[in-house]
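Residues per chain are reported as follows:
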Amino acid sequence: MFVPGTAVTKGSLADRFWSKVRRGPGCWEWTACTDPNGYGRFSVGGQSRKAPRVAYELTYGRIPVGQQTRHTCDNPPCCRPRHLRLGTQADNMADMYARRRNRQPKGERAARSKLTARQVRRIRTRYAVGGISQRELAADYGIAHQNIRQIVNRVAWAHVQ
């Protein structure tokens with residue numbers, strides 16, 4: 001199979017690629033460099049490519065223009081060819097909604113979160129006991145007093161009991 005932009009032979013390219021994959025009974029996980037979303041990155045002809053695309057091309061051949069590799073397992077590091085399907089961006093988005101992967105992370109899993117669930121519980125307890133203002137709590141935790149108001153009124157961090 002020809003991989004665009006490379007002078008490396010199929011055998012050596014395949015050997016180099018598959019040596020970075022841990023094969024298991026389920027997913028075959030990429031063990032080398034990954035991007036911030038967890039997808040493997042692999043250099044082909046001096047160009048960084050997503051590992052699932054390379055796995056698909058090594059197994060099934062060239063990916064048509066406008067097509068993407070989609071995981072049936074929803075596991076970004078997976079490179080197992082039978083877990084990969086081709087589709088359009090619209091197909092990929094439909095998968096995301098159907099599998100409920102479109103939800104934004106809550107609480108401390110959110111990238112910009114400054115608090116933990118434990119701190120939120122402590123803020124609510126301290127405020128309920130009394131003797132401390134929302135502004136004082138805000139100063140203690142280094143956040144805006146409006147955030148404290150939303151926390152104690154369960155507008156923010158509503159999922160934390």
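Attention here is on the structure that accompanies the text. Quick caveat, the model's predicted, so the values are computed rather than measured.

Criteria and thresholds
- Residues numbered from 1 in each chain as written.
- Predicted model: local features only at pLDDT ≥ 70, side-chain atom pairs only at ≥ 80, totals over all residues.
- Heavy atoms only, no water.
- Phe/Tyr/Trp six-rings, centres within 6.5 Å; stacked < 30°, edge-to-face > 60°.
- Buried < 20%, exposed > 50% of the residue type's maximum accessible area, 1.4 Å probe, protein only.
- Helix = DSSP H or I, 4+ residues; strand = E, 2+ residues; numbered from the N terminus.
- Axes fitted to C-alpha atoms, helices over the stretch in contact; angles between N-to-C directions.
- Parallel < 35°, antiparallel > 145°, perpendicular 65-115°, else oblique.
- Contact = heavy atoms within 4.5 Å.
- Nonpolar A, V, L, I, M, F, W, Y, C, P; charged D, E, K, R; others polar.
- Pairing = 2+ DSSP bridges.

Regarding the packing of aromatic side chains
How two aromatic rings sit relative to each other is given by the distance of their centres and the angle of their planes. Taken as a whole and assessed by the stated rule, the structure comprises 6 aromatic pairs. With a centroid separation of 4.8 Å and 85 degrees between ring planes, the pair formed by Phe17 and Trp18 is classed as edge-to-face. Here the two residues Phe17 and Trp18 agree in accessibility, since each one is buried. Arranged with centres 5.1 Å apart and planes meeting at 90 degrees, the rings of Phe17 and Phe42 form a pair that is edge-to-face. Placement of the pair is Phe17 in helix α1 (residues 10-18) and Phe42 in strand β3 (residues 41-44), with a sequence separation of 25 residues.

What to know about the packing of helix α4 (residues 117-129) against helix α6 (residues 145-152)
Between α4 and α6, whose axes approach to 10 Å, the crossing angle comes to 85 degrees. In this view, α4 runs roughly perpendicular relative to α6, as classed from their interaxial angle. Facing Val120, Ile123, Arg124 and Tyr127 of α4, the residues of α6 in contact are Ile148, Ile151 and Val152. Partitioned by chemical class, the residues of the contact of α4 with α6 number 6 nonpolar, no polar and 1 charged.

So, the pairing of β3
Burial along β3 is one-sided: the residues Phe42 and Val44 are buried and none of Arg41 and Ser43 is. Note that β3 and strand β4 (residues 47-50) share 4 bridges and pair antiparallel. Counted as the bridge partner of Arg41 is Lys50 from β4. Hairpin geometry of β3 and β4 is characterised by an intervening segment of 2 residues between the two adjacent antiparallel strands and by a positive phi of about 60 degrees at Gly45.

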